[in-house]
Amino acid sequence: MTEKNTVDLITPCGGELVDLTVGANEFEDLWGYASTLPSIQLSDRSVCDLELLAVGAFSPLDRFMGPDDHARVIEDMRLASGHLFPIPVTLPVEADAPVGIDKEVALRDANNDLLAIMRVESIYPWDNERVAREVFGTVDARHPLVAEMQRWGPLNISGPLRVLKTPEHFDFAELRLGPRQTRRALAKLGRENVVAFQTRNPLHRVHEELTKRAAASVDGTLLLHPVVGLTKAGDVDYFTRVRTYRALARQHYDPDHVLLSLLPLAMRVAGPREALWHALIRRNYGANHLIVGRDHAGPGKDSQGRPFYGPYDAQELVEKHAEELGVKPLGFQELVYLVDDDRYEEITRVPNGKRTASLSGTQVREEFLDNGRRLPEWFTRPEVAEILEEIYPPRYRQGVCIWFTGLSGSGKSTTANILTTLLLSQGRRVTVLDGDVVRTHLSRGLGFSKEDRDVNVRRIGFVAAEIVRHGGVVICAAVSPYRATREDVRAMVGDGRFVEVFVDTPLEVCEDRDAKGLYAQARRGEISGFTGIDDPYEPPAQPEIVLETVQKTPDQNAHLIVELLAERGFVRGDGSAEDNVTDLAAENGAAVKAVSRRA
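Structure report, in brief. Please read all numbers here as calculations on a predicted model, not as lab measurements.

### Comments concerning the layout of surface pockets
Part 1: By volume, the second largest pocket amounts to about 830 Å³.
Part 2: Surrounding the second largest pocket, 30 residues form its lining, S408, D436, V479, L518 and F530 being those nearest its centre.
Part 3: Looking at the lining of the second largest pocket, the elements with two or more residues in it are α14 (412-425), α15 (435-441), α16 (450-469) and α19 (518-523).
Part 4: Partitioning the lining of the second largest pocket into residue classes produces 11 nonpolar, 11 polar and eight charged.

### With respect to the pattern of salt bridges
Part 1: According to the stated counting rule, one finds 35 salt bridges in the structure shown.
Part 2: A salt bridge links E104 to R162; the nearest nitrogen and oxygen atoms lie 2.7 Å apart. With E104 in strand β3 (residues 104-108) and R162 in strand β7 (residues 161-163), this pair connects stretches of sequence that are 58 residues apart.
Part 3: For E104, a relative accessible area of 11% corresponds to the buried category.
Part 4: The salt bridge involving E345 is made with R343; its shortest N-O contact spans 3.1 Å.

### Here we look at the packing of aromatic side chains
Part 1: Per the stated rule, a full pass over the model turns up 12 aromatic pairs.
Part 2: Judged by centre distance (4.9 Å) and plane angle (75 degrees), the rings of Y519 and F530 are edge-to-face. You can see Y519 sitting in helix α19 and its partner F530 sitting in the loop between α19 and β20 (545-547), a full 11 residues away along the chain. You'll find Y519 and F530 in the same group, each marked buried.
Part 3: One aromatic cluster is present, formed by Y337, Y344, W378 and F379 through successive ring pairs.
Part 4: Directly above the ring of F368 sits R373, whose terminal nitrogen or CZ lies 4.4 Å from the centroid.

Definitions and cut-offs
- Residues numbered from 1 in each chain as written.
- Predicted model: local features only at pLDDT ≥ 70, side-chain atom pairs only at ≥ 80, totals over all residues.
- Heavy atoms only, no water.
- 1 Å grid on protein atoms, 1.4 Å probe; cavity = no way out; pocket = protein on both sides within 12 Å on 5 of 7 lines; lining within 4 Å.
- Points joined across faces, edges and corners; volume = space filled by probe spheres on them.
- Helix = DSSP H or I, 4+ residues; strand = E, 2+ residues; numbered from the N terminus.
- Nonpolar A, V, L, I, M, F, W, Y, C, P; charged D, E, K, R; others polar.
- Salt bridge = Lys/Arg side-chain N within 4 Å of Asp/Glu carboxyl O.
- Buried < 20%, exposed > 50% of the residue type's maximum accessible area, 1.4 Å probe, protein only.
- Phe/Tyr/Trp six-rings, centres within 6.5 Å; stacked < 30°, edge-to-face > 60°.
- Lys NZ or Arg CZ within 6 Å of the ring centre and 35° of its normal.

Here it is in structure tokens:
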């Protein structure tokens, strides 16, 4: 990389970067003092937020939001000071948290490592439904953050922070540049214009082309700034993604025009508001342009199968505030590959008669990676394809969660046991998490209040998500009566690997089948809070499959589920793995299908 004269970049939001880290002269005394304080253990999300607060990535915000900032951010995307800020950054705690006004508390991570000391200036309740409606534009629990917020504490705390240590990261240390380091590195590259690219996915040739064109359009430097904090369940893990980014940056970008740096952000997948937040954060890192993609930071589809946000809502909101924020959005038309010219072009500029090729994200997953097929070089650089193949096995070796829900006595466990046998015979490794068994071994001591039921279901969900992440099949059979909690589990597991099975048995049939007499006891008032009697059951809004158990036997229903799993590629059918891959590849013919002639 050649040395250039340093340049002045856009100033941070608020004029200067916030710095909450304590100096070396204070560290020893504060470290000892912290051991005398009550402690709060932060969630992974709050740890990410604390790190970015500490280094100034959220400037001018210098703390977890107090009541005035929180209220105004929700209402009109501004801090109480008037500065633009579209996303609430708060520290929720339980009602019995060891905090008090004007008292100090130590903030620790999941491993109990000390991170910071807060002097609590405010403790205030918050309304998760209002936050969902105003910030995310929906109360649909299919939105991962709407579901997650159900388990956050009912109170927020705020106050000045003294950060003793930011979280330790032992991976990709040379790429973990804070705002100050990033600004210095960008300034040395010698261009006032900096174009940031937000990504939580692997980069393919089309992204490479788009980012190069965007930087060239303003004679700028590209800040390749992937998120390595919390993204959406089911995303490719950041270790794999960063390996692909690093390979591309080293081999396919001009080193004088690109800087790769990692951002430990906990995404909210809040669509338009999140896009504006991304622009604000990137200004603090020195960028004055942001590539805003189609459905930027979108979480997918709601419980009715509709996208949560419009495809260009994010671009419009960033454009609306571009002058005030000082960050301009760069958007491009869809790019397609010109087969005969071996190059990419915007779809609106393709000459008539030219052969074009493109692949959707769904095609990439379902027709190539899920079937163990190498992605074509016109679509993905060989270095990237090799890395993805290492960690992305064919679909029949990927994890999946089959989640049975329904009333007590509906037939969940019976069908789940038959399904287990069928899947084992298909060569899948299966773990069964039955509601009654889990209560004995994992949730002993929990009662049947709504809160305890939610805790029990989320514990099952956590274990299920880990099994799926490591490529296993997990069958969960629990009443799980509340829709929002099930959607929270879906978000933990990842939408594409969560199969919700609604065992739709009428209440009167469940009562007739009740060998334990629990329904009769509930009818007599001997048991309170019994689902279906004096506590509601909320059926799924859009389950992957509904089972009818009056006319169909458990064996028939189990085979229906196997058929669904086979359609989705999670089981291979009767043939060998190699035969099935060959058959699917032949049927899909994706590389051929993708090629067309433009009329």
